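Descriptive analysis of the structure
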Amino acid sequence: MTIATLALRNLLRRPMRTALLALGIGLAVATALALLALSSSIQRSSDDSARERGADLTVSQKGAADLFAGFVSASLGPRIAAIPGVAGVAGELVMFAPVNEEFQFLTSGMADESYFWPSMPLLEGRKPAPGERYVVLLGDTVAKAVKKGVGDEVSMYDHSLKIIGITGYKTAVNRGVVFLRLEDLQELAFRADQVTVFHIALTPGMAPDAVDQLKQKIEALGQLSVDPTDQLFANDRNVEVLNAVSLAISIIALTTAGLSVLNVLLMAVQERTRETGIMMAIGWSDGRIMTTIVLEGIMTGLAGCVVGVPLGLAACLFFNRLPVIGTYLSFRPSLGIVSPCVAAALLLSVLGSLYPAWRAVSLTPAEALRRA
Amino acid sequence: MTEANRRRLEPSAGICSAKGSLDQVNVPLIALRDVSRTFDDGSVVALRAIDLSVARGEFVSIVGRSGSGKSSLVHIMAGFDRPTSGQVVWQGRNVDDKRQWTTLRRESIGIVFQEFLLLPTLSALENVEIAMSGTGLTTAECRRRAADLLERVGLSARTSHLPFALSGGERQRVAIARSLANRPILLLADEPTGNLDSANAAAVLELLLALRSEAGMTLVLVTHDEAIAARADRIVRIGDGQVIAEPLGNEAAPR
């Protein structure tokens, strides 16, 4: 008979209550997991997206609150391309644009000379011919969402655009993008001569020092910020807000779970006051009695994690496949997200059990034994 | 309390010396010095200036009517409750700390309650084992000792039963086995036969006395049954929270 066995027996004597508590913790863990997976996936997805298209650095407007709010003159493209070490420049106007007045999709206008065009994979159709106007290529998830294919038309800003191809990108972000020529998007969105970012491909094998020098040369061209592609959203205000909201909701969910542990264990401890008195009477120390109750909290927390982690992973998978969510958001859980969720759930379970444990030993044995 | 009364309440030297060393002759196993216990800011008095010593190896009965303070006295002797005033002295040393009492109950004091007070989710074997948890014994040793004790109290065939599946007499036997798990030198029994029918009560009492004799334990037995009390070496009568009379030896006690 160990303390752990006793703690387990105590939990199992009220199986429904324990199961519901574990389920509550599990839902909190699943919520936290899905939200943190969402917030972390934005930066990772954008990084993956840029890598898939072959970008090493991204040039954006310095001091812009978020990526889409900044604009850079498209005329800087040739000047950037002339800097030694730059293997390719892809000016891109990026924004969320209305499609068929029903959807908002990430829309990319790419300059004709962008090095992204030649490497763009296609599932079907073709790429725009030089000078061809008002044609679009849809990411495959966009095509599914709008239920359109090659040869059909979609509307954007009250203009009809002919679908000439479906892209075959693999990353979630790129699969959800509408591509068209930069000239067309600039016209439709009233953004003449503007791009949001320049993507830069570096000459292979550049030393870090040479990359730093190159960044300084680009930044010297104007109010520009040059970041590695994986840092593209590092200072993005929208992403920071989303991360903060996700974290806040996760903390609220997990704290609620911790309070549930406190509430249920407090109830259980009060129900078992007389038994606590028996433990005291046979010489159990306050520490051992408290340890038993804290172990009950840990076991409940563990059970919650056993329920919550698979539930969270399943929710991520489900949301990714649900067009109404998966088209816009990517939920990518990882061990780096699961671990802190589990750790936080266990920590809050311990914290939630400390007060009931303290309450249990705060009575004298005589007081505890007198309770019915 | 007068000095004459105090002397009358001291244990007889013969009983003490029969089991104790020379030092222990003059040192009671447990002694209450001018102990009072009140509740509700003094409006309820449970014990009034109790002076009582129990020698090592002695069998003392505490008798009195319901509400006389018997259980309060045992609670003080077990450290379940702290006196409002006065001292509890264990083998010559004042005990006033919760940790000291916990250690005493784990190592030296066994307790049997009228209501058995077994843990309902544990089997008979586990209820005995749990008293040894944290004493440094291995799990196997605890299990072996618990099984031996249950065999001693005649419950070797009922070790895996939960308390609800045991009769009152069987539950009390489990409680007795539990109280002996850590080989105490003082056994406090608070109306151990109070919830049993006469046949079970007699059997449990005989068992308790037999085990006490074998181990040479000190026994303090709270009872309202004069016949049971009469089997003690000494009878302490409690009334209205006070020791009201205590004949020397048990020869003067009513039978």
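Further up the page is the structure itself.
Below or above, wherever it landed, is the structure these notes cover.

Definitions and limits used
Residues numbered from 1 in each chain as written. Chains lettered and ligands numbered in written order. Predicted model: local features only at pLDDT ≥ 70, side-chain atom pairs only at ≥ 80, totals over all residues. Helix = DSSP H or I, 4+ residues; strand = E, 2+ residues; numbered from the N terminus. Rg over C-alpha atoms; globule rule 2.2 N^0.38 Å. Buried ≥ 20, exposed ≤ 12 C-beta atoms within 10 Å, placed from the backbone. Contact = placed C-beta atoms within 7 Å. Axes fitted to C-alpha atoms, helices over the stretch in contact; angles between N-to-C directions. Parallel < 35°, antiparallel > 145°, perpendicular 65-115°, else oblique. Left-handed = near helix turned anticlockwise from the far one by under 90°. Nonpolar A, V, L, I, M, F, W, Y, C, P; charged D, E, K, R; others polar. Core = buried A, V, L, I, M, F, W, Y, C linked by C-beta atoms within 7 Å.

Regarding its fold elements, chain A presents 14 helices and 12 strands. Computed over the C-alpha atoms, the radius of gyration of chain A is 28 Å, more than 25% above the 21 Å expected from 2.2 N^0.38 for a compact globule of 372 residues. Reported as C-alpha extents along the three principal axes, the dimensions of chain A are approximately 90 × 50 × 30 Å. In chain A, which comprises 372 residues, the share counted as buried stands at 45%.

Attention now goes to the overall build of chain B. When you go through chain B residue by residue, the secondary structure sums to 10 helices and 10 strands. Sorting the 255 residues of chain B into buried and exposed places 47% on the buried side. Taking as baseline every contact in chain B between residues at least 6 positions apart, the subset at least 24 positions apart corresponds to 71%.

This part takes up the packing of helix 9 (residues 237–271) of chain A against helix 11 (residues 286–321) of chain A. Residues and elements named next belong to chain A. At a closest axis distance of 11 Å, the pairing of helix 9 and helix 11 adopts a crossing angle of 135 degrees. Classified by the interaxial angle, the pair formed by helix 9 and helix 11 is oblique. Here helix 9 and helix 11 pass one another in a crossing that is right-handed. Contacts from A257, V261, L265 and V269 in helix 9 reach I293, E296, G297, T300, G301 and G304 in helix 11. When the residues that make up the contact of helix 9 with helix 11 are grouped by side-chain class, the tally is 5 nonpolar, 4 polar and 1 charged.

Now for the interface of chain B and chain A. Taken together, the contact pairs 20 residues of chain B with 19 residues of chain A. Put simply, the parts of the chain that give the side of chain B that touches chain A at least two residues each are helix 5 (98–107), helix 6 (124–129) and helix 7 (139–152) of chain B. Here the side of chain B that touches chain A gets 3 residues from one element, more than from any other, and that element is helix 5 of chain B. When grouped by side-chain class, the residues that make up the side of chain B that touches chain A number 8 nonpolar, 6 polar and 6 charged.

Let us now look at the packing of helix 1 (residues 3–12) of chain A against helix 11 of chain A. Residue and element names in this part refer to chain A. Remark: helix 1 packs on helix 11, axes separated minimally by 9 Å, with the N-to-C direction vectors making an angle of 60 degrees. As judged from the angle between their axes, helix 1 and helix 11 are oblique. As for the relative orientation of helix 1 and helix 11, their crossing is right-handed in sense. Across the interface between the two elements, I3, A4, L6, A7, L8, N10 and L11 from helix 1 touch R288, T291, T292, L295, E296, M299 and T300 from helix 11. Classifying every residue of the contact of helix 1 with helix 11 gives 8 nonpolar, 4 polar and 2 charged.

Quick look at the nonpolar core now. Where a protein is soluble and globular, its nonpolar side chains tend to be buried together. L33(A), C341(A), A345(A), V128(B) and L188(B) are the most contacted members of the largest nonpolar core, which has 127 residues in total. The element best represented in this core is helix 2 (residues 15–53) of chain A, accounting for 13 residues. With residues up to four places along the chain from it excluded, the contact list for A345(A) reads I25(A), A28(A), V29(A), L254(A), A257(A), G301(A), G304(A) and C305(A). Counting residues in each nonpolar core, the second largest holds 45 residues, with L57(A), A74(A), V135(A) and I200(A) among its members.

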